[in-house]
Amino acid sequence: FFSFRQLNARLFVPRLLFGTYDFSRFEVNNLNVNIEQRDTIFNFSDIIRHLEGDEPDTTAFSLPLIPSNPDIRNSTLRYQDLLVHSDFRISDFSLVIPGIDLRDVNTSVGASLQFVDGGQLQTQFKYDDRHRTYELDLNVENFNLEGILPYVRQQIAFGEMKGIMNLDMKMKGNSSHLLDFSLRGN
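Analysis parameters
- Residues numbered from 1 in each chain as written.
- Predicted model: local features only at pLDDT ≥ 70, side-chain atom pairs only at ≥ 80, totals over all residues.
- Heavy atoms only, no water.
- Helix = DSSP H or I, 4+ residues; strand = E, 2+ residues; numbered from the N terminus.
- Buried < 20%, exposed > 50% of the residue type's maximum accessible area, 1.4 Å probe, protein only.
- Contact = heavy atoms within 4.5 Å.
- Areas by Shrake-Rupley, 256 points an atom, 1.4 Å probe, with all protein chains shown as cover.
- Pairing = 2+ DSSP bridges.
- Salt bridge = Lys/Arg side-chain N within 4 Å of Asp/Glu carboxyl O.
- Phe/Tyr/Trp six-rings, centres within 6.5 Å; stacked < 30°, edge-to-face > 60°.
- Core = buried A, V, L, I, M, F, W, Y, C linked by side-chain atoms within 4.5 Å.
- Patch = residues over 30% accessible without salt bridge, like charges linked within 9 Å, V, L, I, M, F, W, Y side chains within 5 Å.
- Polar contact = N/O pair within 3.5 Å; in protein donor to acceptor, adjacent residues only side chain to side chain.

So, the overall build of the protein chain
Item 1. Per the secondary structure count, the protein chain includes 2 helices and 13 strands.
Item 2. Taken over 186 residues, the protein chain has a buried fraction of 25%.
Item 3. For the protein chain, the share of sequence-separated contacts (at least 6 apart) that also reach a separation of at least 24 residues comes to 48%.
Item 4. Summed over its atoms, the accessible surface of the protein chain is roughly 13100 Å², and 55% of this surface lies on carbon and sulfur atoms.

A look at unusual backbone geometry
In most cases, non-glycine residues show a negative phi, while peptide bonds are predominantly trans.
Item 1. In the Ramachandran plot, D39 falls in the positive-phi region, its phi being about 60° despite a non-glycine side chain.
Item 2. Following the sequence through the fold, D39 ends up in the loop between β4 (32-38) and β5 (41-42).

Notes on the pairing of strand β3 (residues 21-29)
Item 1. Sheet analysis places strand β2 (residues 6-11) next to β3, joined by 6 bridges and oriented antiparallel. For A9, the partnering residue across the bridge sits in β3 and is F26.
Item 2. Looking at chain direction, β3 and strand β7 (residues 71-81) are connected through 3 bridges and run parallel. By the bridge assignment, N29 is partnered in β7 with R73.

Focus on the pattern of salt bridges
Item 1. This model, assessed by the stated rule, comprises 2 salt bridges.
Item 2. In this structure, D87 engages R78 in a salt bridge whose closest nitrogen and oxygen atoms are separated by 2.7 Å.
Item 3. On the accessibility criterion, D87 (25% relative accessible area) is partly exposed.
Item 4. D168 is the salt-bridge partner of K170, the closest N and O atoms lying 3.9 Å from each other.

Notes on the packing of aromatic side chains
Item 1. Evaluation of the coordinates by the stated rule reveals 3 aromatic pairs.
Item 2. Measuring from centroid to centroid gives 5.3 Å for F1 and F2, while their planes differ by 90°, and the two rings are edge-to-face.
Item 3. Measuring from ring centre to ring centre gives 4.9 Å for F1 and F44, while their planes differ by 40°; the resulting arrangement is tilted. Residue F1 is found in the segment before β1 (2-3), and its partner F44 is found in the loop between β5 and α1 (45-52); the two are separated by 43 residues along the sequence.
Item 4. Here F1 falls in the partly exposed class, since its relative accessible area comes to 39%.
Item 5. Take F44: its relative accessible area is 18%, and that puts it in the buried class.
Item 6. Taken together, the aromatic side chains of F1, F2, F42 and F44 make up a single cluster linked through ring pairs.

Description of the nonpolar core
Soluble globular proteins: nonpolar side chains tend toward being buried together.
Item 1. Membership of the largest hydrophobic core comes to 18 residues, with the highest contact counts inside it found for L121 and F143.
Item 2. Contributing elements (two or more residues each) for this core: β8 (86-99), β9 (106-115), β11 (133-144) and α2 (149-155).
Item 3. Beyond its immediate sequence surroundings of up to four residues, L121 is in contact with A111, S112, L113, F115, L138, N139 and V140.

Some points on a nonpolar patch on the surface
Item 1. Together, F1, F2, F4, L7, I47 and L51 give the surface a local cluster of nonpolar side chains, amounting to about 620 Å² of exposed area.
Item 2. Residue placement: F4 occurs in the loop between β1 and β2.

What to know about the environment of H131
Item 1. Inspection of the secondary structure assignment puts H131 in the loop between β10 (120-128) and β11.
Item 2. Once the C-alpha coordinates of H131 and N174 are considered, the two residues, 43 residues apart in sequence, prove to be 7.9 Å apart.
Item 3. A polar contact is formed between the side chain of H131 and the side chain of D128, at a distance of 2.8 Å.

Here is the structure:
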C-alpha cells in the first residue's frame, strides 16, 4: 500500500506537556503509494476497519497537531481501478504546504504532479475559514486522454479516445453560499 525511504520530523518537546504535537520540520522523501480499488473495496480497507474498532467514536474531532512546512518530495502515486481496468501513475510527486495549524483559520496548499502516461498538473488552494472564502488555481498541461477512457465507457459505448487536454482554471467563491463563486479559464 505505501512505503517511504526517509521521514524527518522534529517535534517541539515542551509543547507535548500541553498535549500539542508541534513539528518544526516534517519531511517525507521517496514516498510510494499504490492504491487499488475494486468496486467499493480498496487495498487498505482492512486497515481502516481495524482502526475503526467495534464501537464508533462519537466524540468531536480535535487534534492539537501543528506540522510546520510539511514537505513530500520525489514520490510516486499509483491508482488502479480494477473493475474498469484504469491505471493512473504519477511520478515525481511533490507537495509543499507553507503551513498548517489546525487551530488557525487559513489554509494554503500547493501540489505539482507529473503523470507517467503524459501530462502534468499544478494546483494552489487557499481557504479562509473565518470568511468561508476559497481560491483554487488549477493548471493541467498535455494530459493524455486515453487514461480516462475506462470511465467514459462506463457511461457510453465508446471505441477509442486519443489526444491531450490543457486546462487553466481559476475559481473564487464562498463555501457558505454555494452559488457565490466566479470561474474563469481556458
